[in-house]
Amino acid sequence: MLGDDYVAPTATTERAVLTARRRRRGVIKLIRSPLAGRIITFNLVSLIVLVAGVMFFSPSRDNLAYQRANALVTEAELAAKIFAAQAGTAAQPLGPSDAGSIVATLSHLGFRGGAHLAVYDPAGVLLAELQAPDGLRDLGGLSFSEGGTFISDMLARIGLGISRLTGRNSAEVAANYDAKTMVPLAITAGTRVDDSTDAEGRLVFTIVSPIQSATTPLGAVVITSAAGELDRLVLSEREQLLTMFVVGALVSVAFSLLLASTIANPLSDLADAAELGRDRNARKMSPGRVRIPDLTARPDEIGRLSGALRGMVAALYERIEANEQFAADVAHEIKNPLASLRSAVGTMRMAKREDQRERLLEVIEHDVRRLDRLVSDISNASRLDSELVKEEEQSFDLLKMLGNINDYLGKQASEKGIEYIADIPGGPIIVQGLEGRLAQVFVNLITNAISFCEDGD
(Lines give C-alpha, C1' and ligand atoms only; values in the text may rest on other atoms or scores of the structure.)
Protein backbone atom coordinates (compact mmCIF):
# COMPACT_ATOMS: atom_id res chain seq x y z
CA MET A 1 0.00 0.00 0.00
CA LEU A 2 2.87 2.38 0.77
CA GLY A 3 5.01 1.40 -2.21
CA ASP A 4 8.33 -0.46 -2.30
CA ASP A 5 10.35 2.73 -2.49
CA TYR A 6 8.97 3.85 0.88
CA VAL A 7 10.44 0.71 2.46
CA ALA A 8 13.85 0.80 0.75
CA PRO A 9 14.88 3.87 -1.25
CA THR A 10 17.74 3.16 -3.63
CA ALA A 11 19.89 6.24 -3.03
CA THR A 12 22.44 5.41 -0.33
CA THR A 13 22.76 8.91 1.13
CA GLU A 14 19.05 9.56 1.13
CA ARG A 15 18.34 6.07 2.50
CA ALA A 16 20.47 6.83 5.54
CA VAL A 17 18.93 10.25 6.09
CA LEU A 18 15.34 9.18 5.51
CA THR A 19 15.74 6.01 7.57
CA ALA A 20 17.16 8.01 10.48
CA ARG A 21 14.26 10.44 10.30
CA ARG A 22 11.72 7.61 10.14
CA ARG A 23 13.19 6.01 13.25
CA ARG A 24 12.73 9.26 15.13
CA ARG A 25 9.02 9.19 14.30
CA GLY A 26 7.41 7.31 17.17
CA VAL A 27 3.82 6.99 18.29
CA ILE A 28 4.15 10.12 20.44
CA LYS A 29 5.35 12.19 17.51
CA LEU A 30 2.62 10.73 15.34
CA ILE A 31 -0.01 11.72 17.92
CA ARG A 32 1.44 15.24 17.96
CA SER A 33 1.06 15.45 14.20
CA PRO A 34 -1.64 18.01 13.29
CA LEU A 35 -2.94 15.69 10.59
CA ALA A 36 -3.22 12.74 13.00
CA GLY A 37 -4.85 15.01 15.57
CA ARG A 38 -7.50 16.09 13.06
CA ILE A 39 -8.23 12.50 12.04
CA ILE A 40 -8.58 11.33 15.65
CA THR A 41 -10.65 14.38 16.62
CA PHE A 42 -13.16 14.01 13.80
CA ASN A 43 -13.53 10.26 14.39
CA LEU A 44 -14.06 10.77 18.14
CA VAL A 45 -16.46 13.68 17.62
CA SER A 46 -18.66 11.56 15.37
CA LEU A 47 -18.60 8.73 17.91
CA ILE A 48 -19.40 11.08 20.80
CA VAL A 49 -22.31 12.62 18.91
CA LEU A 50 -23.68 9.14 18.20
CA VAL A 51 -23.41 7.99 21.82
CA ALA A 52 -24.82 11.25 23.19
CA GLY A 53 -27.77 11.00 20.82
CA VAL A 54 -28.48 7.44 21.92
CA MET A 55 -28.20 8.35 25.61
CA PHE A 56 -30.32 11.50 25.61
CA PHE A 57 -32.79 10.83 22.81
CA SER A 58 -33.38 7.11 23.22
CA PRO A 59 -36.87 6.21 24.58
CA SER A 60 -35.43 3.40 26.71
CA ARG A 61 -36.07 5.25 29.99
CA ASP A 62 -39.72 5.86 29.11
CA ASN A 63 -40.10 2.22 28.04
CA LEU A 64 -38.57 0.98 31.28
CA ALA A 65 -40.81 3.33 33.28
CA TYR A 66 -43.91 2.09 31.48
CA GLN A 67 -42.96 -1.56 31.93
CA ARG A 68 -42.18 -1.11 35.62
CA ALA A 69 -45.38 0.83 36.28
CA ASN A 70 -47.40 -1.76 34.37
CA ALA A 71 -45.83 -4.57 36.44
CA LEU A 72 -46.65 -2.74 39.70
CA VAL A 73 -50.25 -2.21 38.54
CA THR A 74 -50.56 -5.93 37.87
CA GLU A 75 -49.14 -6.78 41.32
CA ALA A 76 -51.41 -4.25 43.06
CA GLU A 77 -54.54 -5.50 41.29
CA LEU A 78 -53.57 -9.10 42.03
CA ALA A 79 -53.08 -8.30 45.71
CA ALA A 80 -56.45 -6.48 45.77
CA LYS A 81 -58.19 -9.51 44.26
CA ILE A 82 -56.59 -11.77 46.89
CA PHE A 83 -57.91 -9.56 49.71
CA ALA A 84 -61.34 -9.48 48.04
CA ALA A 85 -61.34 -13.27 47.73
CA GLN A 86 -60.42 -13.65 51.42
CA ALA A 87 -63.31 -11.38 52.40
CA GLY A 88 -65.91 -13.54 50.62
CA THR A 89 -69.30 -12.52 49.23
CA ALA A 90 -70.70 -11.03 52.45
CA ALA A 91 -67.65 -8.96 53.08
CA GLN A 92 -67.45 -5.91 55.27
CA PRO A 93 -65.05 -2.99 54.72
CA LEU A 94 -61.61 -3.65 56.20
CA GLY A 95 -60.96 -2.22 59.63
CA PRO A 96 -58.30 -2.08 62.36
CA SER A 97 -59.25 -5.57 63.57
CA ASP A 98 -58.03 -7.00 60.24
CA ALA A 99 -54.48 -5.58 60.57
CA GLY A 100 -52.90 -8.89 61.65
CA SER A 101 -54.37 -10.92 58.80
CA ILE A 102 -53.49 -8.18 56.34
CA VAL A 103 -49.82 -8.24 57.39
CA ALA A 104 -49.78 -12.04 57.16
CA THR A 105 -51.28 -11.95 53.68
CA LEU A 106 -48.82 -9.28 52.52
CA SER A 107 -45.86 -11.26 53.82
CA HIS A 108 -47.01 -14.38 51.96
CA LEU A 109 -47.31 -12.51 48.64
CA GLY A 110 -43.49 -12.56 48.34
CA PHE A 111 -42.84 -9.04 47.09
CA ARG A 112 -39.18 -8.13 46.47
CA GLY A 113 -37.16 -5.12 45.39
CA GLY A 114 -37.68 -2.94 48.46
CA ALA A 115 -41.28 -2.03 47.61
CA HIS A 116 -43.51 -0.58 50.34
CA LEU A 117 -46.91 -2.29 50.72
CA ALA A 118 -49.86 -0.74 52.55
CA VAL A 119 -53.61 -1.38 52.93
CA TYR A 120 -56.10 1.44 53.63
CA ASP A 121 -59.78 1.40 54.52
CA PRO A 122 -62.28 3.12 52.18
CA ALA A 123 -61.82 6.41 54.07
CA GLY A 124 -58.06 6.45 53.48
CA VAL A 125 -56.98 5.37 56.99
CA LEU A 126 -53.87 3.19 57.14
CA LEU A 127 -54.63 -0.31 58.42
CA ALA A 128 -51.33 -2.19 57.86
CA GLU A 129 -48.05 -1.83 55.98
CA LEU A 130 -45.05 -3.96 55.10
CA GLN A 131 -41.61 -3.23 53.69
CA ALA A 132 -40.53 -5.81 51.12
CA PRO A 133 -36.92 -6.97 51.26
CA ASP A 134 -34.38 -5.54 48.85
CA GLY A 135 -33.08 -7.47 45.88
CA LEU A 136 -34.72 -9.66 43.26
CA ARG A 137 -36.08 -13.15 43.62
CA ASP A 138 -33.55 -15.81 42.61
CA LEU A 139 -34.61 -17.39 39.34
CA GLY A 140 -32.99 -20.44 37.84
CA GLY A 141 -30.94 -19.64 34.76
CA LEU A 142 -31.24 -15.85 35.23
CA SER A 143 -28.89 -13.49 37.00
CA PHE A 144 -28.89 -9.74 37.55
CA SER A 145 -26.09 -7.69 39.04
CA GLU A 146 -27.17 -4.71 41.12
CA GLY A 147 -23.69 -3.73 42.23
CA GLY A 148 -22.58 -0.26 41.22
CA THR A 149 -19.39 0.53 39.39
CA PHE A 150 -17.31 3.64 39.10
CA ILE A 151 -19.09 4.75 35.94
CA SER A 152 -22.61 4.11 37.27
CA ASP A 153 -21.82 5.75 40.61
CA MET A 154 -20.37 8.78 38.83
CA LEU A 155 -23.45 9.05 36.63
CA ALA A 156 -25.67 8.70 39.70
CA ARG A 157 -23.84 11.54 41.45
CA ILE A 158 -24.12 13.72 38.36
CA GLY A 159 -27.83 12.99 38.07
CA LEU A 160 -28.33 13.69 41.76
CA GLY A 161 -26.59 17.04 41.46
CA ILE A 162 -28.73 17.99 38.47
CA SER A 163 -31.91 16.91 40.26
CA ARG A 164 -31.01 19.04 43.27
CA LEU A 165 -30.63 22.03 40.99
CA THR A 166 -33.76 21.45 38.93
CA GLY A 167 -35.85 19.00 40.97
CA ARG A 168 -38.52 19.43 43.61
CA ASN A 169 -37.88 19.65 47.34
CA SER A 170 -38.95 17.14 50.01
CA ALA A 171 -42.10 19.09 50.93
CA GLU A 172 -43.30 18.91 47.36
CA VAL A 173 -42.51 15.19 47.23
CA ALA A 174 -44.43 14.50 50.40
CA ALA A 175 -47.44 16.27 48.96
CA ASN A 176 -47.49 14.07 45.88
CA TYR A 177 -49.26 11.23 47.65
CA ASP A 178 -52.31 11.78 49.86
CA ALA A 179 -54.11 8.58 50.89
CA LYS A 180 -57.31 10.33 51.90
CA THR A 181 -57.54 11.79 48.40
CA MET A 182 -56.20 8.98 46.21
CA VAL A 183 -57.91 6.01 47.94
CA PRO A 184 -61.47 7.31 47.47
CA LEU A 185 -60.56 8.33 43.93
CA ALA A 186 -59.23 4.83 43.17
CA ILE A 187 -62.36 3.23 44.68
CA THR A 188 -64.49 5.42 42.45
CA ALA A 189 -62.46 5.46 39.20
CA GLY A 190 -60.27 2.36 39.44
CA THR A 191 -56.52 1.80 39.79
CA ARG A 192 -54.47 4.97 39.96
CA VAL A 193 -50.77 5.46 39.12
CA ASP A 194 -48.60 8.33 40.39
CA ASP A 195 -44.92 8.99 39.68
CA SER A 196 -42.94 11.34 41.90
CA THR A 197 -39.43 11.91 43.19
CA ASP A 198 -38.01 11.67 46.69
CA ALA A 199 -35.85 14.23 48.45
CA GLU A 200 -32.78 13.04 46.53
CA GLY A 201 -34.48 13.27 43.16
CA ARG A 202 -35.01 9.51 42.69
CA LEU A 203 -38.10 8.32 40.81
CA VAL A 204 -40.85 6.61 42.84
CA PHE A 205 -44.01 4.92 41.53
CA THR A 206 -47.17 4.77 43.69
CA ILE A 207 -49.96 2.36 42.67
CA VAL A 208 -53.41 2.47 44.35
CA SER A 209 -55.76 -0.41 43.50
CA PRO A 210 -59.26 -0.74 45.08
CA ILE A 211 -60.35 -3.85 47.03
CA GLN A 212 -63.92 -4.64 46.10
CA SER A 213 -66.25 -7.55 46.79
CA ALA A 214 -68.93 -7.40 44.14
CA THR A 215 -69.93 -3.72 44.32
CA THR A 216 -68.88 -3.14 47.94
CA PRO A 217 -65.63 -1.20 48.47
CA LEU A 218 -63.50 -2.88 51.15
CA GLY A 219 -60.36 -0.70 51.00
CA ALA A 220 -57.34 -0.16 48.81
CA VAL A 221 -53.88 -1.66 48.27
CA VAL A 222 -51.05 0.84 47.86
CA ILE A 223 -47.68 -0.27 46.45
CA THR A 224 -44.78 2.21 46.42
CA SER A 225 -41.71 1.18 44.46
CA ALA A 226 -38.22 1.45 45.88
CA ALA A 227 -36.70 4.86 45.39
CA GLY A 228 -34.29 4.98 42.47
CA GLU A 229 -35.12 1.48 41.22
CA LEU A 230 -35.72 2.69 37.69
CA ASP A 231 -32.73 5.01 37.88
CA ARG A 232 -30.47 2.06 38.65
CA LEU A 233 -31.77 0.18 35.64
CA VAL A 234 -31.23 3.20 33.40
CA LEU A 235 -27.74 3.75 34.81
CA SER A 236 -26.89 0.10 34.22
CA GLU A 237 -28.03 0.38 30.61
CA ARG A 238 -26.10 3.61 30.10
CA GLU A 239 -23.05 2.08 31.72
CA GLN A 240 -23.10 -0.70 29.15
CA LEU A 241 -23.43 1.92 26.44
CA LEU A 242 -20.51 3.90 27.87
CA THR A 243 -18.42 0.73 28.10
CA MET A 244 -19.07 0.13 24.42
CA PHE A 245 -18.17 3.77 23.78
CA VAL A 246 -14.84 3.43 25.60
CA VAL A 247 -14.00 0.28 23.65
CA GLY A 248 -15.13 1.94 20.41
CA ALA A 249 -13.09 5.05 21.21
CA LEU A 250 -9.94 2.98 21.82
CA VAL A 251 -10.47 1.06 18.58
CA SER A 252 -11.20 4.33 16.74
CA VAL A 253 -8.02 5.94 18.07
CA ALA A 254 -5.95 2.88 17.14
CA PHE A 255 -7.30 2.77 13.59
CA SER A 256 -7.04 6.56 13.32
CA LEU A 257 -3.35 6.34 14.21
CA LEU A 258 -2.91 3.57 11.65
CA LEU A 259 -4.68 5.66 9.02
CA ALA A 260 -2.68 8.74 10.01
CA SER A 261 0.57 6.78 9.74
CA THR A 262 -0.27 5.77 6.17
CA ILE A 263 -0.86 9.44 5.32
CA ALA A 264 1.41 11.51 7.57
CA ASN A 265 4.54 9.34 7.26
CA PRO A 266 4.63 9.28 3.43
CA LEU A 267 3.91 13.01 3.35
CA SER A 268 6.74 13.54 5.83
CA ASP A 269 9.04 11.51 3.58
CA LEU A 270 8.10 13.63 0.58
CA ALA A 271 8.68 16.80 2.61
CA ASP A 272 12.02 15.47 3.94
CA ALA A 273 13.19 14.63 0.44
CA ALA A 274 12.21 18.09 -0.79
CA GLU A 275 14.02 19.71 2.15
CA LEU A 276 17.12 17.61 1.49
CA GLY A 277 17.10 18.84 -2.10
CA ARG A 278 16.65 22.42 -0.96
CA ASP A 279 19.50 22.27 1.56
CA ARG A 280 21.87 20.21 -0.58
CA ASN A 281 25.14 21.94 -1.39
CA ALA A 282 28.81 21.13 -1.38
CA ARG A 283 29.30 22.11 2.26
CA LYS A 284 26.56 19.91 3.72
CA MET A 285 26.56 16.71 1.72
CA SER A 286 27.74 15.18 -1.52
CA PRO A 287 26.09 16.83 -4.51
CA GLY A 288 23.64 14.84 -6.52
CA ARG A 289 20.17 14.80 -7.90
CA VAL A 290 17.22 15.52 -5.65
CA ARG A 291 15.35 12.25 -5.37
CA ILE A 292 11.67 12.14 -4.42
CA PRO A 293 10.52 8.79 -2.94
CA ASP A 294 8.58 6.71 -5.44
CA LEU A 295 5.12 6.12 -3.92
CA THR A 296 3.31 5.79 -7.22
CA ALA A 297 2.36 2.21 -6.32
CA ARG A 298 -0.23 3.68 -3.93
CA PRO A 299 -3.62 3.99 -5.67
CA ASP A 300 -4.48 7.25 -3.92
CA GLU A 301 -3.73 10.97 -3.93
CA ILE A 302 -0.37 10.48 -2.18
CA GLY A 303 0.73 8.24 -5.05
CA ARG A 304 -0.37 10.95 -7.49
CA LEU A 305 1.48 13.58 -5.46
CA SER A 306 4.66 11.49 -5.46
CA GLY A 307 4.44 10.99 -9.22
CA ALA A 308 3.76 14.70 -9.77
CA LEU A 309 6.72 15.74 -7.60
CA ARG A 310 9.03 13.25 -9.32
CA GLY A 311 7.88 14.51 -12.72
CA MET A 312 8.37 18.12 -11.63
CA VAL A 313 11.89 17.41 -10.36
CA ALA A 314 12.72 15.55 -13.58
CA ALA A 315 11.40 18.49 -15.64
CA LEU A 316 13.50 20.91 -13.58
CA TYR A 317 16.64 18.85 -14.13
CA GLU A 318 15.90 18.64 -17.84
CA ARG A 319 15.53 22.39 -17.88
CA ILE A 320 18.81 22.84 -16.02
CA GLU A 321 20.59 20.47 -18.38
CA ALA A 322 19.08 22.28 -21.36
CA ASN A 323 20.32 25.60 -19.99
CA GLU A 324 23.77 24.16 -19.44
CA GLN A 325 23.86 22.77 -22.98
CA PHE A 326 22.56 26.09 -24.32
CA ALA A 327 25.28 27.96 -22.45
CA ALA A 328 27.92 25.60 -23.86
CA ASP A 329 26.55 26.06 -27.40
CA VAL A 330 26.49 29.84 -26.98
CA ALA A 331 30.09 29.85 -25.76
CA HIS A 332 31.13 27.70 -28.72
CA GLU A 333 29.31 29.89 -31.24
CA ILE A 334 30.77 33.09 -29.79
CA LYS A 335 34.31 31.73 -29.69
CA ASN A 336 34.40 31.17 -33.46
CA PRO A 337 33.85 34.82 -34.51
CA LEU A 338 35.98 36.01 -31.60
CA ALA A 339 38.85 33.82 -32.78
CA SER A 340 38.39 35.16 -36.30
CA LEU A 341 38.36 38.73 -34.97
CA ARG A 342 41.49 38.13 -32.92
CA SER A 343 43.25 36.68 -35.93
CA ALA A 344 42.14 39.53 -38.21
CA VAL A 345 43.20 42.19 -35.72
CA GLY A 346 46.58 40.56 -35.23
CA THR A 347 47.12 40.21 -38.97
CA MET A 348 46.06 43.79 -39.61
CA ARG A 349 48.99 45.08 -37.58
CA MET A 350 51.36 43.31 -39.95
CA ALA A 351 49.52 44.10 -43.18
CA LYS A 352 51.33 46.69 -45.31
CA ARG A 353 49.22 46.94 -48.42
CA GLU A 354 45.91 48.77 -48.51
CA ASP A 355 44.05 45.93 -50.23
CA GLN A 356 45.06 43.53 -47.46
CA ARG A 357 43.84 45.98 -44.82
CA GLU A 358 40.57 46.41 -46.70
CA ARG A 359 40.02 42.68 -46.83
CA LEU A 360 40.78 42.28 -43.12
CA LEU A 361 38.32 45.06 -42.34
CA GLU A 362 35.66 43.16 -44.30
CA VAL A 363 36.41 40.06 -42.23
CA ILE A 364 36.16 42.07 -39.02
CA GLU A 365 32.90 43.66 -40.15
CA HIS A 366 31.50 40.21 -41.08
CA ASP A 367 32.43 38.76 -37.69
CA VAL A 368 30.91 41.74 -35.87
CA ARG A 369 27.65 41.24 -37.73
CA ARG A 370 27.81 37.57 -36.90
CA LEU A 371 28.31 38.38 -33.21
CA ASP A 372 25.42 40.82 -33.32
CA ARG A 373 23.22 38.16 -34.85
CA LEU A 374 24.31 35.64 -32.21
CA VAL A 375 23.53 38.07 -29.41
CA SER A 376 20.12 38.75 -30.93
CA ASP A 377 19.46 35.02 -31.24
CA ILE A 378 20.49 34.47 -27.62
CA SER A 379 18.22 37.30 -26.49
CA ASN A 380 15.35 35.86 -28.48
CA ALA A 381 15.98 32.38 -27.11
CA SER A 382 15.99 33.65 -23.52
CA ARG A 383 12.52 35.11 -24.07
CA LEU A 384 11.24 32.08 -25.92
CA ASP A 385 10.12 30.04 -22.91
CA SER A 386 8.19 32.89 -21.33
CA GLU A 387 6.56 33.70 -24.67
CA LEU A 388 5.64 30.04 -25.17
CA VAL A 389 3.83 30.13 -21.85
CA LYS A 390 2.03 33.42 -22.58
CA GLU A 391 1.07 32.84 -26.21
CA GLU A 392 -1.79 30.56 -27.20
CA GLU A 393 -1.28 27.77 -29.70
CA GLN A 394 -3.37 27.79 -32.86
CA SER A 395 -3.97 25.43 -35.77
CA PHE A 396 -2.20 26.23 -39.04
CA ASP A 397 -1.13 24.58 -42.28
CA LEU A 398 2.53 23.58 -42.04
CA LEU A 399 2.97 23.17 -45.81
CA LYS A 400 1.48 26.61 -46.52
CA MET A 401 3.93 28.15 -44.05
CA LEU A 402 6.87 26.31 -45.67
CA GLY A 403 5.69 27.39 -49.13
CA ASN A 404 5.82 31.05 -48.13
CA ILE A 405 9.30 30.56 -46.63
CA ASN A 406 10.52 28.81 -49.81
CA ASP A 407 9.24 31.63 -52.03
CA TYR A 408 11.02 34.27 -49.91
CA LEU A 409 14.30 32.48 -49.24
CA GLY A 410 14.44 30.95 -52.75
CA LYS A 411 14.86 34.46 -54.20
CA GLN A 412 17.77 35.17 -51.84
CA ALA A 413 19.43 31.89 -52.81
CA SER A 414 18.99 32.54 -56.54
CA GLU A 415 20.56 36.00 -56.16
CA LYS A 416 23.71 34.27 -54.82
CA GLY A 417 23.63 31.70 -57.61
CA ILE A 418 22.54 28.91 -55.25
CA GLU A 419 20.17 26.21 -56.42
CA TYR A 420 17.22 26.08 -54.02
CA ILE A 421 15.23 22.82 -54.18
CA ALA A 422 11.99 22.30 -52.23
CA ASP A 423 10.51 18.78 -52.19
CA ILE A 424 7.34 18.83 -50.06
CA PRO A 425 3.96 17.04 -50.47
CA GLY A 426 1.00 18.78 -51.99
CA GLY A 427 -1.74 18.13 -49.39
CA PRO A 428 -2.23 20.27 -46.26
CA ILE A 429 -0.70 19.27 -42.92
CA ILE A 430 -2.56 20.90 -40.01
CA VAL A 431 -0.59 21.19 -36.78
CA GLN A 432 -1.22 22.89 -33.42
CA GLY A 433 1.44 25.37 -32.25
CA LEU A 434 2.97 28.82 -32.64
CA GLU A 435 3.30 29.47 -36.37
CA GLY A 436 5.62 32.48 -36.05
CA ARG A 437 8.11 30.69 -33.78
CA LEU A 438 8.15 27.54 -35.89
CA ALA A 439 8.65 29.62 -39.04
CA GLN A 440 11.63 31.30 -37.36
CA VAL A 441 13.18 27.85 -36.80
CA PHE A 442 13.02 27.01 -40.51
CA VAL A 443 14.23 30.49 -41.48
CA ASN A 444 17.26 30.13 -39.17
CA LEU A 445 18.12 26.70 -40.52
CA ILE A 446 17.77 27.64 -44.19
CA THR A 447 19.49 31.03 -43.79
CA ASN A 448 22.40 29.34 -42.04
CA ALA A 449 22.70 26.86 -44.91
CA ILE A 450 22.58 29.65 -47.52
CA SER A 451 25.31 31.58 -45.68
CA PHE A 452 27.71 28.65 -46.06
CA CYS A 453 26.91 28.09 -49.76
CA GLU A 454 28.69 29.67 -52.72
CA ASP A 455 27.83 30.27 -56.39
CA GLY A 456 26.82 27.00 -58.02
CA ASP A 457 26.07 25.09 -54.82
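This text goes with the structure placed above it.
**Q** Sorry, what's going on with the pattern of salt bridges here?
**A** Two side chains bearing opposite charge may form a pair once their charged atoms approach each other closely. Tallying each qualifying case throughout the model produces two salt bridges. With its nearest N and O atoms 3.2 Å apart, the salt bridge here joins R353 to D355. Salt-bridge contacts for R369 lead to E365; the nearest nitrogen and oxygen are separated by 3.2 Å. With a gap of four residues between them, R369 and E365 both fall in helix α12 (residues 354-382), about one helical turn apart. The class of R369 is partly exposed, set by a relative accessible area of 45%.

**Q** Even after reading the chapter, I still don't get a nonpolar patch on the surface, so can you show me in this structure?
**A** A cluster of nonpolar residues, V247, V251, F255 and L258, forms a patch on the protein surface that exposes about 390 Å² of accessible area. Summarising the element assignment, F255 is placed in helix α10 (residues 229-279). Note on F255: relative accessible area 55%, which makes it exposed.

**Q** Would you explain the nonpolar core in this entry?
**A** Note on soluble globular proteins: their nonpolar side chains tend to be buried together. Formed by 28 residues in total, the largest nonpolar core has its most connected members in I102, V119, I211, V221 and I223. When contributions to this core are tallied by element, the ones reaching two or more residues are α5 (60-87), α6 (99-108), β1 (116-120), β2 (126-131), β4 (203-213), β5 (216-224) and α10. Top element by residues in this core is α5. It accounts for nine residues. Setting aside residues no more than four positions away along its own chain, I211 makes contact with A80, F83, A84, L94, V119, T216, P217, L218, G219, A220 and V221.

**Q** It is not clear to me how the sheet that holds β1 should be interpreted in this structure. Could you clarify?
**A** The strands making up a sheet are joined through hydrogen bonds of the backbone, oriented either antiparallel or parallel. The antiparallel open sheet is built from five strands, whose spatial order is β2-β1-β5-β4-β3. What marks the edges here is a single partner per strand, and that holds for β2 and β3 (192-197). Averaged over neighbouring strand pairs, the angle between their axes works out to 20° when direction is ignored. Inspection of the sheet shows β4 paired to β5 by eight bridges, in the antiparallel sense. Paired with S213 across the bridge in β5 is T216. Sheet contacts for α6: β1 and β2; angle to β2, the most-contacted strand, approximately 30°.

**Q** Whenever I open this one, helix α14 (residues 398-415) confuses me. Can you help?
**A** Three or four residues apart is the spacing at which side chains of an α-helix point the same way, because the helix has 3.6 residues per turn. The end-to-end C-alpha distance of α14 is 26 Å, a good match for the 26 Å that 18 residues give at a rise of 1.5 Å each. Every buried residue of α14 is listed here: L398, L399, M401, L402, I405, N406, L409, G410 and A413. Against the buried residues of α14 lie β6 (394-397), β7 (430-433) and α15 (435-451). Immediately beyond the C-terminal end of α14, within one or two residues, lies G417, with a positive phi of roughly 75°.

**Q** Honestly, the pairing of β1 in this entry has me stumped. Any pointers?
**A** Residues in a regular strand project their side chains so that they alternate between the two faces of the sheet. Buried residues dominate β1, accounting for four of its five residues. Between β1 and the antiparallel strand that follows it, β2, lie five residues; G124 among them carries a positive phi value of about 90°. Relative to β5, β1 is paired through five bridges, and the arrangement is antiparallel. Residue pairing in the sheet places V119 in a bridge with V221 of β5.

**Q** Hey, could you run me through the environment of A115 in this one?
**A** Counting through the fold element by element, A115 comes out in the loop between α6 and β1. Using a relative accessible area of 2% as the deciding quantity, one classes A115 as buried. Among residues more than four places away in sequence, those in contact with A115 are L130, Q131, A132, I223, T224 and A226.

**Q** Just checking my understanding: could you explain α12 for this structure?
**A** Under the 1.5 Å per step criterion, the end-to-end length of α12 is 42 Å for 29 residues, consistent within 8% with the ideal 42 Å. Along α12, the residues classified as buried are L360, I364, D367, L371 and L374. Its buried side turned inward, α12 meets α11 (301-350).

Calculation criteria
- Residues numbered from 1 in each chain as written.
- Predicted model: local features only at pLDDT ≥ 70, side-chain atom pairs only at ≥ 80, totals over all residues.
- Heavy atoms only, no water.
- Salt bridge = Lys/Arg side-chain N within 4 Å of Asp/Glu carboxyl O.
- Helix = DSSP H or I, 4+ residues; strand = E, 2+ residues; numbered from the N terminus.
- Buried < 20%, exposed > 50% of the residue type's maximum accessible area, 1.4 Å probe, protein only.
- Patch = residues over 30% accessible without salt bridge, like charges linked within 9 Å, V, L, I, M, F, W, Y side chains within 5 Å.
- Areas by Shrake-Rupley, 256 points an atom, 1.4 Å probe, with all protein chains shown as cover.
- Core = buried A, V, L, I, M, F, W, Y, C linked by side-chain atoms within 4.5 Å.
- Contact = heavy atoms within 4.5 Å.
- Pairing = 2+ DSSP bridges.
- Axes fitted to C-alpha atoms, helices over the stretch in contact; angles between N-to-C directions.
- Expected span 1.5 Å × (residues − 1).

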